[in-house]
Amino acid sequence: MNEIPLSQGFNTIIGPAVLEIDQAIGQVQKSQDDLGKEIERLVAELELFTDIAEPPTLLPCLEKLIDAKKRLTNTNKLLQQTNERVERIQKEVVDIKKTND
């Protein structure tokens with residue numbers, strides 16, 4: 001009988017997942033670097049406004065950003081609750097399947 005050594009079996013199963021996670025981390029790091037560069041660019045542009053005698057009114061924009069952040073937070077909470085419900089349903093389905101087998 002051809003048996004695969006345990007370490008080779010784990011590597012076969014876990015290896016692709018670890019590789020995928022590693023690639024995703026690299027993409028996130030690149031994205032964070034890009035975001036940092038964009039923030040630096042925006043800061044440089046905003047510094048141009050410091051010399052203006054009457055700076056533009058930013059309050060309406062700030063209120064919109066705060067509102068968007070609140071909505072995003074609420075959406076994330078709703079997604080988390082939905083995910084928890086789906087996990088409970090999946091667990092119940094597995095339990096029912098085990099009971100029926």
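Keep in mind that what you see is a predicted model, and the values were worked out from it rather than measured.

Visitor: Could you give an account of the overall build of the chain, with specific residues and numbers?
Guide: What the chain contains, in helices and strands, is two helices and zero strands. Expressed as a percentage of the 101 residues in the chain, the buried residues total 0%. Just so you have it, the chain exposes about 9,900 Å², and 61% of that area is on carbon and sulfur atoms.

Visitor: Give a description of the pattern of salt bridges that names residues and reports values.
Guide: Evaluation of the coordinates by the stated rule reveals five salt bridges. Residue Asp95 pairs with Lys91 through a salt bridge whose shortest N-O separation is 3.1 Å. Of the two residues, Asp95 and Lys91 both sit in helix α2 (residues 59-100), four residues apart, roughly one turn of that helix. Exposure remark for Asp95: the relative accessible area of 33% places this residue in the partly exposed category. The network of salt bridges with shared partners includes Glu38, Arg41 and Glu45.

Calculation notes
- Residues numbered from 1 in each chain as written.
- Predicted model: local features only at pLDDT ≥ 70, side-chain atom pairs only at ≥ 80, totals over all residues.
- Heavy atoms only, no water.
- Helix = DSSP H or I, 4+ residues; strand = E, 2+ residues; numbered from the N terminus.
- Buried < 20%, exposed > 50% of the residue type's maximum accessible area, 1.4 Å probe, protein only.
- Areas by Shrake-Rupley, 256 points an atom, 1.4 Å probe, with all protein chains shown as cover.
- Salt bridge = Lys/Arg side-chain N within 4 Å of Asp/Glu carboxyl O.

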